[in-house]
Amino acid sequence: MTEPSRRSPVSTPLSVLDLSPIVSGQGPADALRNTIDLAKRTEHLGYRRYWVAEHHLTPGVASAAPAVLIALIAGATSRIRVGSAAVLLGHHAPLVVAEQFGTVAHLHPGRIDLGLGRSGLVRGRDFVRRFADPADGPAPEGKVVDGLLIPPKPRALAKSKRFLARIEEQQRLLSTGDPAEAPLDYRTQVEHILRFVGGDFRSSSGEAVHAVPVEGADLDVWVLGSSAGESSAAAGSLGLPFAANYHVSPSTVLEAVASYREGFAASAKLLRPYVVVSADVVVADTGERARELAGPYGPWVHSIRAGEGAIPFPSPAEAAEFRWTDQAREIVADRVDTQIVGTPESVARKLATLRDATGADELVITTVTHDHADRVRSYELLAKAWQQA
């Protein structure tokens, strides 16, 4: 646990994480156009970077090809950094990832972030071990650390066989290489990318191998993670910046950040640890309106954890028709309880608490609403409140 930093919000940059959400009644083209529009608007509002996710076989998310989408966003903007949160290395060869992002970075030098994740390497049983509580008996209670809610790991998620089966099926469909061969460990994959960028990659026989489209590219490599494990360890030992997912796995964010800092070794790129922490946020002019806009979030998260793969994001009216059971509420409680919803001032205060409790150097904000105008307005209100806090 870090000592609260008590820094002014202005000294802590805000960034954007966008899934290119597909909402009910619209399609992927609408979602992608909205992403381009939001990137332009948040650049104007002063957000530092704009990251896009990688999700596959998901009805409610259009961001499946981050390198392509990043190139489009970078071409439509002029200053904001653009990157991935994150490329899933279990689905891609490190050489291909390096060449894709190097190509974009050569055209937009100093603006491209290559964020690397490892979800494609995590099997269903490993997911349960890290992010869910498979135990029986009384449900564990959450805790508050420096004012920040750290909920217990979701117990019902461990029993969601359809969810775990979906993880396994996606891995099969997205698998690369010979399944009989043991894949490279995560740290080695990240090292390969760094060596391709630096121009010092060597083959197993010691021969120099040059990936021309990426060599010398002015891009930053990041690691994203949700728990204390291979991702946080790799980021720390390689001296890379690290992004921790409070919005995906709030129960493990503090251990992820602590693991990264404990294992950090200074590098040519980074002399001290640099941590970004994500938050799911909805801001509106009134608390009542914000809660209405956030209403669909619970049913949407439930669709993910029930194995449907994120349905198109419902409208508030559609969400009001969702029939909650005790098990349904339990499976989404950690996410719903840690979504930050309210007026600009109240959300800014809660984000400052998140920043102080985690010692974050930067916060990355993800906002999903059914109406694109409401999403834009949320980012507008937050940017203004954060500057005035």
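Residues numbered from 1 in each chain as written. Predicted model: local features only at pLDDT ≥ 70, side-chain atom pairs only at ≥ 80, totals over all residues. Heavy atoms only, no water.

**Some points on the pattern of salt bridges**
Link 1 in the chain: If you walk through the whole model with that rule in mind, you get 19 salt bridges.
Link 2 in the chain: With a shortest N-O distance of 2.7 Å, R187 and E191 are connected by a salt bridge. Taken together, the residues R187 and E191, both in helix α6 (residues 186–198) and four residues apart, mark about one turn of the helix.
Link 3 in the chain: The buried category is assigned to E191, whose relative accessible area is 18%.
Link 4 in the chain: Note that E191 is salt-bridged to R195, the shortest N-O span being 4.0 Å. Of the two residues, E191 and R195 are both situated in helix α6; the distance of four residues between them amounts to about one turn of the helix.
Link 5 in the chain: Here R195 falls in the partly exposed class, since its relative accessible area comes to 36%.
Link 6 in the chain: Through salt bridges that share partners, R48, R49, R81, D113, D220, K269 and E362 make up one connected network. (Salt bridge = Lys/Arg side-chain N within 4 Å of Asp/Glu carboxyl O. Helix = DSSP H or I, 4+ residues; strand = E, 2+ residues; numbered from the N terminus. Buried < 20%, exposed > 50% of the residue type's maximum accessible area, 1.4 Å probe, protein only.)

**Here we look at the packing of aromatic side chains**
Link 1 in the chain: Counting across every chain of the model gives nine aromatic pairs.
Link 2 in the chain: Between Y47 and Y379, the ring centres sit 5.5 Å apart and the planes meet at 85°, which makes this aromatic pair edge-to-face. Linking Y47 in the loop between α1 (28–45) and β2 (49–52) with Y379 in helix α14 (residues 372–388), this pair joins segments that are 332 residues apart in sequence. Here the two residues Y47 and Y379 agree in accessibility, since each one is buried.
Link 3 in the chain: On the numbers, 6.3 Å between centres and 40° between planes, the contact of Y297 with W300 is tilted. With Y297 and W300 both in helix α10 (residues 297–305) and three residues apart, the pair spans about one turn of that helix. (Phe/Tyr/Trp six-rings, centres within 6.5 Å; stacked < 30°, edge-to-face > 60°.)

**Quick look at the nonpolar core**
Link 1 in the chain: Grouped together as the largest cluster of nonpolar side chains are 98 residues, with contacts concentrated most on L116 and L351.
Link 2 in the chain: Top element by residues in this core is α14. It accounts for seven residues.
Link 3 in the chain: Dropping the residues within four chain positions of it, L351 is found in contact with A279, V281, I340, L363, I365, L382 and W386.
Link 4 in the chain: The next biggest cluster of nonpolar side chains, apart from the first, holds six residues, and it includes V282, A284, A290 and L293. (Core = buried A, V, L, I, M, F, W, Y, C linked by side-chain atoms within 4.5 Å. Contact = heavy atoms within 4.5 Å.)

So, to be careful, I would describe these as geometric facts and stop short of saying anything about function.
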